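Survey of secondary and tertiary structure
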Amino acid sequence: MRLEPIANPSALRRLGLPALALVATLGVAMLLALVAGANPFAVLGQIAKGALGSKLAVLETLNRATPLIFTGLAVAVAFRAKLWNIGAEAQLYAGAILAVVLGTGVLGSPWVLPVSALAAMLAGAALLLGPVLLKTRLGVDEVVTTLLLNFIMLLLVSYLLEGPMKDPGGMGWPKSTPLIPEARLPRIVDGLRLHWGFALAIIAAVVVWVIQTRTTLGFEIRAVGQNPEAARFAGMPVNAVLVKTALLSGGLAALAGWSEVAGLKGHLSSDLSPGFGYTGIIVAMLAMLHPLGVILTAVFVAGIFVGSDAMSRAAGVPTYIADMLMAVALLFMVLAILLTKARVVRG
């Protein structure tokens, strides 16, 4: 058995296989519900109701989707150039740190929000710049370096929250000094948690789509991702393109941390992210690396997690079913993408 590349896959193949992957994921979800001793249709209904069954549920789903859009975009941009950024979690925390550093009184209104957002992006970009330079200059595998940076940043955050950034009025809890009101993103709906970071995430997705489809950089990113040797032969500065891609990817991931601190939490804590950086990989792959598709898949994934919380309370099924669903969805989608580009033949 071997894989034979398909030069021009049909539209049915390109759309049908990912759709089949989602259907297969749904089948696994029903099987998991049966194993848990619950009615699978009731479980799926409770997940849908918990994610979309009320105004509060919808807004909470969109709220949970906000950081996933940013990290999904970060992964999609990098993976498009075959730059395997597994460190979106670290870049997220870099953005969160800068949100606190500049948002606790260093700057005043009205510049604190845009300046802290820009600083967060620069911090995330700088964090990914190191691994990409190691890759382009020394051939070091970026999967390893970006993955290890996640743990380094978590340890750094723990140190900061127990030391220089610890809130003196926090009654001993490891959290930072709260942001001043001018450094907070306003709520879209008064009294509810959805903030304007969601709108910024939508704008970011549109900007990335424009970059990828309407600019020279976007063409270079696609060319380098498809065949770096051919791109280099055509005169493209492959290493420079990878550096630009890394700066954009790291900056987008950092906005996830910035928006969570400035828009939702109001302070930094070690549990700021329940794995948004890693989940961004699933979001990007489900969207097949399309920036606008990231919006839809981020809302879908967020709905699964929000709905699973409600389902667990109503049906008594563990919320871990959501984590298993995301893992299965990723595996099925990766297989679908592979079979879109190649067919299995004997010999």
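This part covers the layout of surface pockets. Estimates place the volume of the largest pocket at around 1100 Å³. Lining the largest pocket are 29 residues, and of these Arg80, Met288, Leu289, Ile337 and Lys341 sit closest to its centre. Secondary structure elements with two or more residues in the lining of the largest pocket: α1 (11–35), α3 (55–80), α8 (216–226), α11 (276–286), α12 (291–315) and α13 (320–341). A per-element tally of the lining of the largest pocket places α13 first, with six residues. Tallied by class, the residues present in the lining of the largest pocket amount to 19 nonpolar, five polar and five charged.

This part is about the packing of α8 against helix α10 (residues 238–265). The N-to-C vectors of α8 and α10 enclose an angle of 110°; their axes lie 10 Å apart at closest approach. For the element pair α8 / α10, the angle class is roughly perpendicular. Judged by the twist between their axes, the crossing of α8 over α10 is left-handed. Of the residues in α10, those in contact with Leu217, Glu220, Ile221 and Val224 of α8 are Val238, Val241, Leu242, Lys244 and Thr245. Looking at side-chain class alone, the contact of α8 with α10 contains six nonpolar, one polar and two charged residues.

A word on helix α2 (residues 40–52). With 13 residues, α2 should reach 18 Å at 1.5 Å per residue; the first-to-last C-alpha distance of 18 Å fits that figure. All of the buried residues in α2 are Pro40, Val43, Ile47, Gly50 and Ala51. Summarising the axial view, the buried residues of α2 lie within an arc of 95°, below the 170-degree limit, and thus occupy one face. In α2, the exposed positions that point more than 90 degrees away from the buried face belong to Phe41, Lys49 and Leu52.

With that out of the way, let us pick up the packing of aromatic side chains. By the definition in use, this model includes one aromatic pair. Relative to Trp84, the ring of Phe79 has its centre 4.9 Å away and its plane inclined at 75°; by these criteria the two rings are edge-to-face. When its relative accessible area of 34% is taken as the criterion, Trp84 is described as partly exposed.

By the element assignment, Val261 lies in helix α10. Once residues within four sequence positions are removed from consideration, Val261 is found in contact with Ala96, Ala99, Val100, Leu179, Arg184, Gly266, His267 and Leu272.

Take the nonpolar core next. In this structure, Ile69, Leu73, Phe79, Trp258 and Leu268 are the most contacted members of the largest nonpolar core, which totals 99 residues. With 13 residues, the top contributor of residues to this core is α3. Apart from the residues lying within four places of it in its own chain, the contact partners of Leu73 are Ala201, Ala204, Ala205, Val208, Leu252, Pro291 and Val294.

Now for the pattern of salt bridges. Considering all chains together, one arrives at five salt bridges under this definition. A salt bridge links Asp309 to Arg64; the shortest N-O distance between them is 3.7 Å. Here Asp309, found in helix α12, pairs with Arg64, found in helix α3; they are 245 residues apart in sequence, far enough to count as distant. A relative accessible area of 31% means that Asp309 is categorised as partly exposed. Look at Arg64 and you get partly exposed, because its relative accessible area is 24%. Lys135 is the partner of Glu142 in a salt bridge, and the nearest nitrogen-oxygen pair spans 3.2 Å. The exposure class of Glu142 is buried, given its relative accessible area of 3%.

Here Ser259 is to be found in helix α10. A polar contact of 3.0 Å, which involves the side chain of Ser259, links it to the backbone oxygen of Ala256. Residues within four places of Ser259 in sequence aside, it is in contact with Thr66, Phe70, Leu185, His195 and Leu264.

With a phi close to 55°, Lys82 is a non-glycine residue in the positive phi region. Within the secondary structure, Lys82 is located in the loop between α3 and α4 (88–103). Phi is positive for Met288, which is not a glycine, with a value near 55°. In this fold, Met288 is placed in the loop between α11 and α12.

Calculation criteria
Residues numbered from 1 in each chain as written. Predicted model: local features only at pLDDT ≥ 70, side-chain atom pairs only at ≥ 80, totals over all residues. Heavy atoms only, no water. 1 Å grid on protein atoms, 1.4 Å probe; cavity = no way out; pocket = protein on both sides within 12 Å on 5 of 7 lines; lining within 4 Å. Points joined across faces, edges and corners; volume = space filled by probe spheres on them. Helix = DSSP H or I, 4+ residues; strand = E, 2+ residues; numbered from the N terminus. Nonpolar A, V, L, I, M, F, W, Y, C, P; charged D, E, K, R; others polar. Axes fitted to C-alpha atoms, helices over the stretch in contact; angles between N-to-C directions. Parallel < 35°, antiparallel > 145°, perpendicular 65-115°, else oblique. Left-handed = near helix turned anticlockwise from the far one by under 90°. Contact = heavy atoms within 4.5 Å. Expected span 1.5 Å × (residues − 1). Buried < 20%, exposed > 50% of the residue type's maximum accessible area, 1.4 Å probe, protein only. Arc of directions from axis to C-beta. Phe/Tyr/Trp six-rings, centres within 6.5 Å; stacked < 30°, edge-to-face > 60°. Core = buried A, V, L, I, M, F, W, Y, C linked by side-chain atoms within 4.5 Å. Salt bridge = Lys/Arg side-chain N within 4 Å of Asp/Glu carboxyl O. Polar contact = N/O pair within 3.5 Å; in protein donor to acceptor, adjacent residues only side chain to side chain.

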